[in-house]
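Spelled out, the chains give:
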Amino acid sequence: MLRRLYDFTMSLAATRHAEKGLAGVSFVESSVFPIPPDVLLIPMVLAERTKWLRYAFICTLASVAGALLGYAIGAFLYETLGEPILRFYGQEDAFQRIAEWYNRWGGWGVLFAAVTPFPYKVLTIFSGATGLNLPVFIAVSIVGRSLRFFLVSWLLYHFGPPIRVFIEKNLGLLFTLFMVLLIGGFAAVRYVF
């Protein structure tokens, strides 16, 4: 089953709609979608290694735009959903305490989430809810997402054939590792916040 999914993704990566799909997944992953754009970025670069810069740029641009949507969700829906819940539990001041700390150090958190498998969307929404400085948010998002996507793309460009062989030989193990990182990232959110 994994082999068929892998082959399907590789064939999808070579279609004329691949770049639009990559942009779409990168955009929604930054605000609501749980699957990272790497699932398309990796096969796309492996399928057409000379386009690695273009694909990394598409990923970065769409991801930062999606991060702004996540920020807006946090900024405009917190009052509707978050405040009544905190009030119900008598914790109105808890959010303010966390927000003050986050607004001082949150840029580092956004940078960390932008580069790692940590669920980036959680911090984009939280940044909007706490009112993290928008220029700081945008700057660290651009730097972090660029680091992540350009590094992945560059590595695939330079070491493509051996990486492709490695992926194809270890597909089950890599899928398991991917799921552990994805679930682990969401579990870490539970303990961090």
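Residues numbered from 1 in each chain as written. Predicted model: local features only at pLDDT ≥ 70, side-chain atom pairs only at ≥ 80, totals over all residues. Heavy atoms only, no water.

Peer 1: How should the side chain of Ser153 be read in this particular structure?
Peer 2: Within the element layout of this structure, Ser153 appears in helix H7 (residues 134-169). The buried category is assigned to Ser153, whose relative accessible area is 0%. Excluding residues that lie within four positions of it along the chain, Ser153 makes contacts with Leu41, Val45, Trp52 and Ala56. (Helix = DSSP H or I, 4+ residues; strand = E, 2+ residues; numbered from the N terminus. Buried < 20%, exposed > 50% of the residue type's maximum accessible area, 1.4 Å probe, protein only. Contact = heavy atoms within 4.5 Å.)

Peer 1: Help me understand helix H6 (residues 120-130), please; the structure alone is not making it clear to me.
Peer 2: Working note: α-helix, 3.6 residues per turn, so residues spaced by three or four point in the same direction. The element H6 is extensively covered by neighbouring structure, given that nine of its eleven residues are classed as buried. If you check which residues of H6 are buried, you get Tyr120, Lys121, Leu123, Thr124, Phe126, Ser127, Gly128, Ala129 and Thr130. Residue Gly131 follows H6 closely and has a positive phi angle near 75°.

Peer 1: Could you clarify how one ought to interpret the environment of Pro119 in this entry?
Peer 2: With respect to the element layout, Pro119 can be found in the loop between helix H5 (92-115) and H6. Exposure remark for Pro119: the relative accessible area of 4% places this residue in the buried category.

Peer 1: Looking at this structure, I do not really get the packing of aromatic side chains. What am I missing?
Peer 2: Centre distance and the angle of the planes are the two values used to describe a pair of aromatic rings. This model, assessed by the stated rule, comprises three aromatic pairs. With a centroid separation of 5.0 Å and an interplanar angle of 45°, the aromatic rings of Tyr71 and Phe137 are classed as tilted. Here the residue Tyr71 occupies a position in helix H4 (residues 52-88), and Phe137 occupies one in helix H7, the gap between them amounting to 66 residues. A single burial state applies to Tyr71 and to Phe137, both of which are buried. Both rings, one in Trp154 and one in Phe159, keep their centres 6.4 Å apart while their planes meet at 90°; by these two values the pair is edge-to-face. Judged by relative accessible area, which is 41%, Phe159 ranks as partly exposed. Here the basic side chain of Arg49 rests over the ring of Tyr157, its NZ or CZ set 5.8 Å away from the ring centre. (Phe/Tyr/Trp six-rings, centres within 6.5 Å; stacked < 30°, edge-to-face > 60°. Lys NZ or Arg CZ within 6 Å of the ring centre and 35° of its normal.)

Remember, this is a structural readout, not a statement about activity or role.
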